[in-house]
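# Summary of the model geometry
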Amino acid sequence: MSEHKILLDESELPTHWYNVIPDLPTPMAPYMGPDKQPVTPESMQAIFPPAIIEQEMSDQRWIEIPEPVREALYLWRPSPLYRAKRLEKMLDTPARIYFKYEGVSPAGSHKPNSAVAQAYYNKQAGIHRMTTETGAGQWGSSLALAGQMFGLDVRVYMVDVSYRQKPFRRSMMETWGAEVIPSPSRNTEAGRNALDKDPENPGSLGLAISEAVEEAAGRKDTNYGLGSVLNHVLLHQTVIGQEAKKQFEKVGDSPDVILAPCGGGSNVGGIMFPFLADKAAGKDIRMVAVEPTSCPTLTRGHYAYDYGDSVGLTPIMKMYTLGHDFMPPGIHAGGLRYHGDSVLVSQLYHEGILEAVAVPQVATFEAGVMFARAQGIIPAPESAHAVRAAIDEALQAKEEGKEKTILFTLSGHGHFDMAAYDRYFAGELEDFDYPEDALGKALRTLPDIE
Ligand SMILES: *Cc1c(COP(=O)(O)O)cnc(C)c1O
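Rules of the game
- Residues numbered from 1 in each chain as written.
- Predicted model: local features only at pLDDT ≥ 70, side-chain atom pairs only at ≥ 80, totals over all residues.
- Heavy atoms only, no water.
- Core = buried A, V, L, I, M, F, W, Y, C linked by side-chain atoms within 4.5 Å.
- Buried < 20%, exposed > 50% of the residue type's maximum accessible area, 1.4 Å probe, protein only.
- Domains from an automatic or database assignment.
- Contact = heavy atoms within 4.5 Å.
- Helix = DSSP H or I, 4+ residues; strand = E, 2+ residues; numbered from the N terminus.
- Near = heavy atom within 4 Å.
- Polar contact = N/O pair within 3.5 Å; in protein donor to acceptor, adjacent residues only side chain to side chain.
- Areas by Shrake-Rupley, 256 points an atom, 1.4 Å probe, with all protein chains shown as cover.
- Nonpolar A, V, L, I, M, F, W, Y, C, P; charged D, E, K, R; others polar.
- Pairing = 2+ DSSP bridges.
- Buried area = accessible area lost by both parts, 1.4 Å probe.
- Salt bridge = Lys/Arg side-chain N within 4 Å of Asp/Glu carboxyl O.

### Considerations on the nonpolar core
In terms of nonpolar packing, the biggest core is built from 90 residues, with Trp17, Tyr224, Phe273 and Leu407 touching the most fellow members. Residues lining this core come from more than one domain, with at least three contributed by each of domain 1 (32–55 + 110–228) and domain 2 (67–108 + 232–443). With residues up to four places along the chain from it excluded, the contact list for Phe273 reads Tyr18, Val20, Leu234, Thr238, Val268, Leu344, Val345 and Leu348. The next biggest cluster of nonpolar side chains, apart from the first, holds 26 residues, and it includes Ala95, Ala397, Ile406 and Leu410.

This is the structure we're talking about:
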């Protein structure tokens, strides 16, 4: 048996997604509507198909993956689990380091795992178009791909600053047939208001979400798709953790610590939730979400009800948040910029079941480069956050002279993010701690719900 990469047969692709909701220690904090009452499934029908709404609120532990979705996933799944032997050697650590590599998908990240499911269910529901937002371009590319596979038109509102900095992400989306519009735009009221206030507005994820949701809510033939945060997205990503468990069984090992980069929480949910049953049964597994110090939602945010977008069109969710009008500092190049986090991840973190750590930017890129030089694969900047934390765990094991099995998700490759690496090599990146007074200000923007 090869110990460098542990592969599964296509027949070992999971048949079901794992829904963590019935296994939560306390019931999930409900999403709230503008009337400050729990949202009803009906109120979500303007932008989501019935199957997605059902998954969002389901109390069924296992949900079958429809055959056409499995057919789509086969294009790149099961994804390989690698043992990072060359990195272990470089670090001279007694730790065994494994990574689940999601960069093998056509779009280069884990995001198509949910995009294909969302496109499928929308097509099933008779929808012809989807709108969405994208920051770094990963989610927009994934939905563009999925729209092409299932015959849907896709319009992507791309945060203006990324639109200008990442022309090839745009080309990629257009190659798969999507239309890409820099946000804020004049297409929507949310966009027009933002531009009237500041014609130079560089855009933000929260604002792009407002634009995409506004358009979807206003058109019968159009729905909206979100690439992270919501329960159904985390659900779709649980193929990652389920495969990883099987792969560990094949080599007779199991992780002591699991790390994943955390923007909205879909990597965290995807790899960690399937291992929660083992933890609940008494196995000592640490699970750590890794975020940037410049966008420290879990480690420094408020645990409170907040909007998912800047204008306040989405349901109000109880989550760790930096405030819905959060603007990431301009110096930040590493992604993971969303102001909030998945309700499920937030709740499990609040209950002490998941841990979180924030890593500074320069050390993150340093880790990305070390990893590329050891293992060959150039990590997406988002993924490099988990690489940093994995290297730190391995170095700690070395210091303590302890064996330890480390698993992390390498959520994507960085082939479209080399401008960020260029800035790192040019010495232009700095560490940035999100200022305390900005956190205080964010508190005042939160909706008043207990
Ligand atoms: C979107 C993205 C992330 C962060 O999103 P999560 O939902 O928190 O996982 C991490 N890595 C890559 C490559 C991404 O595209």
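From this point, the discussion proceeds with the structure in view.
### Topic: unusual backbone geometry
Going from Arg77 to Pro78, the amide bond is cis rather than trans, its omega being -10 degrees. Locating Pro78 in the fold gives a position in the loop between α2 (67–73) and β4 (81–83). The linkage connecting Ser183 with the following residue, Pro184, adopts the cis geometry, with an omega of 10 degrees. For Pro184, the location among the structural elements is in the loop between β8 (179–183) and α8 (189–197). Backbone geometry at Asp92 places phi at a positive 55 degrees, although glycine is not the residue there. Judged by its relative accessible area of 54%, Asp92 falls in the exposed class. Its identity as a non-glycine residue notwithstanding, Val229 has a phi of 70 degrees, on the positive side.

### So, the site of the ligand
Not every one of the 16 residues close to the ligand is listed here, only the nearest: Lys111, Ser228, Gly263, Ser266 and Ser411. At 2.6 Å, a backbone N or O of Gly263 approaches an oxygen atom of the ligand. Between the ligand and Ser266, the relevant distance is 2.7 Å, taken from an oxygen atom to a side-chain nitrogen or oxygen of the residue. Its free accessible area being 380 Å², the ligand has 94% of it covered by the protein chains. Of all the elements in the fold, those that place two or more residues in the shell around the ligand are α12 (266–280) and α16 (381–400). Split into classes, the residues belonging to the shell around the ligand amount to two nonpolar, 12 polar and two charged. When residues of the shell around the ligand are assigned to domains, at least three map to each of domain 1 (32–55 + 110–228) and domain 2 (67–108 + 232–443).

### A short note on the sheet that holds strand β14 (residues 355–359)
Read from one edge to the other, the open sheet built from seven strands follows the order β1-β4-β5-β15-β10-β11-β14, with strand pairing classed as mixed. Each edge of the sheet is formed by a strand with only one pairing partner; in this case those strands are β1 (5–6) and β14. Two elements, β4 and strand β5 (residues 96–101), share three bridges in a ladder whose sense is antiparallel. Each bridged residue has a counterpart across the sheet, and for Arg83 the counterpart in β5 is Tyr98.

### Concerning the domain arrangement of the protein
Structurally, the protein comprises domain 1 (32–55 + 110–228) and domain 2 (67–108 + 232–443). The partner domain 2 presents 40 residues to the 42 residues of domain 1 that form the contact. Across the domain 1 to domain 2 interface the summed buried area is about 3400 Å²; carbon plus sulfur atoms make up 64%. Counting the surface domain 1 buries against domain 2, the share from its top three residues, Met32, His110 and Asn113, is 22%. If you look at where domain 1 meets domain 2, you find one salt bridge. A salt bridge links Asp417 to Lys166; the shortest N-O distance between them is 2.4 Å. At the junction of domain 1 with domain 2, the criterion picks out 18 residue pairs in polar contact (both at pLDDT 80 or more). Of all the secondary structure elements, the ones that give two or more residues to the side of domain 1 that touches domain 2 are α1 (50–57), α4 (112–124), α5 (138–150), α7 (167–175) and α9 (205–217). With eight residues, α4 is the largest single contributor of residues to the side of domain 1 that touches domain 2.

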